[in-house]
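Below, each chain spelled out in residue letters.
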Amino acid sequence: MGDKKDSSTFKPYIPAEKITPEFTATSIIIGILLAIIFGAANAYLGLRVGMTVSASIPAAVISMGVIRVIMRKDSILESNMVQTIGSAGESLAAGAIFTMPALFLWAKEGVTDAPSLITISLIALCGGVLGVLFMVPLRNALIVKEHGVLPYPEGTACAEVLLAGEEGGSSAKTVFLGMGLAALFKFVVDGIKVVPGVVTAKISALKTELSAEVYPALIGVGYICGPKISSYMFAGGVLGWFVLIPAIIVFGGNTVMYPGTTTIAEMYAADGAGAIWSCYIRYIGAGMVAAGGIISLIKSLPLIITTFVDALKGVKSAGKGGTKRTEQDMDIRLVIGGIVAITLAIWLLPQIPVTLLGAIIMVLFGFFFGAVSSRMVGLV
């Protein structure tokens, strides 16, 4: 948080030389509570609609409201710590719900056993700790060196929320009002079922259908993502349902193609356009996501190489870092030791059945895609 007009003369809102309460019992307890709440909410939302919403901004508003308004404490760094811890719950939930379901699908097909709660917890713990360790060198590469280049729109929004709290904290009222209205709507739709949760209209002439879920959470997703990202998602939906599905039915109606067991025309006649989406379109979408990730990885290779080099240089200069609050990092030797320890844990824990080579590959790819996703966060 600070003046971003000139990156060379950047000054944080709280001067680097000033020491104020930050990592306190209050910030830790409130942050953990918010992490649990937002983690559970995003796990449900992600499994239902395929994406999560960031918890950073609402966590910032709630922390500002609790610490500034209710507790009458003037500590913006404590509020920042709360929103950081609170948003970690959402991030960890996303990492689990987008990967763990594959294990249950394999178990249903008899390929493997369903993972236990201990297995899921250990995988999430190892992944979460690795992510924190990876971000130590990436922070310097992506935030310090890229200051003024990457806008970090969500981080900027969180900063503005916390700065607004310095003037009173009334913004928290909007969040609590939104939470109440959303809870009421959820009760009406899924509780007493007065309003249908999904509205679908078949369009026989185009051999497709138009479907929409009626949930405030989806409006919130679109608002937080912004019009640009939301338009990308909308365009993808239009491409899939109004271009690809009709084309598959019209040009491949007599074809039997895996994973379908009957002709495409018979699938459409029996279960409509949804059957075509389940068997083919969602895999096309997954391929597009994978291709986008590979392209982003290739573009980020110079940054990844630079980060590796800087990390190796940091081993030689460990213990010689700046004494200012904003220049203090975890000792790079501790970071590297932690990464090695997690790698060995992944290999040795019986609940995570992988070889040593598999554990090393997982950690390396984790760093690569961590760098890619971190840069994407800085952009969108």
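Check the entry above for the structure.
Residues numbered from 1 in each chain as written. Predicted model: local features only at pLDDT ≥ 70, side-chain atom pairs only at ≥ 80, totals over all residues. Heavy atoms only, no water.

(A) Looking closely at the overall build of the chain. Regarding its fold elements, the chain presents 12 helices and 2 strands. Listing the helices and strands of the chain from first to last along the sequence gives α-α-α-α-α-α-α-β-β-α-α-α-α-α. Across the 380 residues that make up the chain, the buried fraction comes to 31%. For the chain, the share of sequence-separated contacts (at least 6 apart) that also reach a separation of at least 24 residues comes to 67%. (Helix = DSSP H or I, 4+ residues; strand = E, 2+ residues; numbered from the N terminus. Buried < 20%, exposed > 50% of the residue type's maximum accessible area, 1.4 Å probe, protein only. Contact = heavy atoms within 4.5 Å.)

(B) Quick peek at the nonpolar core. Counting 24 residues, the largest nonpolar core has Leu130, Phe134, Leu138, Val335, Ile339, Ile346 and Val363 as the members making the most contacts within it. Secondary-structure elements contributing two or more residues to this core are α5 (117-144), α10 (273-316), α11 (332-348) and α12 (356-379). For this core, the element with the most residues is α5, which contributes 9 residues. Not counting the four nearest positions on each side in its chain, Phe134 is found in contact with Ile339, Val363, Gly366 and Phe367. Counting 11 residues, the second largest nonpolar core, distinct from the first, contains Ile264, Met267, Ala275 and Tyr280. (Core = buried A, V, L, I, M, F, W, Y, C linked by side-chain atoms within 4.5 Å.)

(C) Inspection of α5 at higher detail. Here α5 contains 28 residues, and its C-alpha end-to-end distance of 39 Å stays within 8% of the 40 Å for a straight helix at 1.5 Å per residue. At Leu138, α5 shows its strongest bend, of approximately 50°. By the burial criterion, the buried members of α5 are Thr119, Leu122, Ala124, Cys126, Leu130, Leu133, Phe134, Val136, Pro137, Leu138, Ala141 and Leu142. (Expected span 1.5 Å × (residues − 1). Bend = angle between axes of the 7 residues up to and from the residue.)

(D) Summary view of the packing of aromatic side chains. Throughout the structure, instances matching the rule amount to 3 aromatic pairs. Each ring, one from Phe367 and one from Phe368, has its centre 6.5 Å from the other, and the planes form 65°; the classification is edge-to-face. Members of the aromatic cluster, joined through ring pairs, are Phe134, Phe365, Phe367 and Phe368. (Phe/Tyr/Trp six-rings, centres within 6.5 Å; stacked < 30°, edge-to-face > 60°.)

(E) A look at the side chain of Thr343. Residue placement: Thr343 occurs in helix α11. Here the side chain of Thr343 touches Ile339 through a polar contact of 2.7 Å, landing on its backbone oxygen. Dropping the residues within four chain positions of it, Thr343 is found in contact with Ala359, Ile360 and Val363. (Polar contact = N/O pair within 3.5 Å; in protein donor to acceptor, adjacent residues only side chain to side chain.)

(F) Geometry of the environment of Glu22. Within the secondary structure, Glu22 is located in the segment before α1 (25-49). Those residues in contact with Glu22 that lie beyond four places of it in its chain are Ser27, Leu77, Glu78, Met81 and Arg325.

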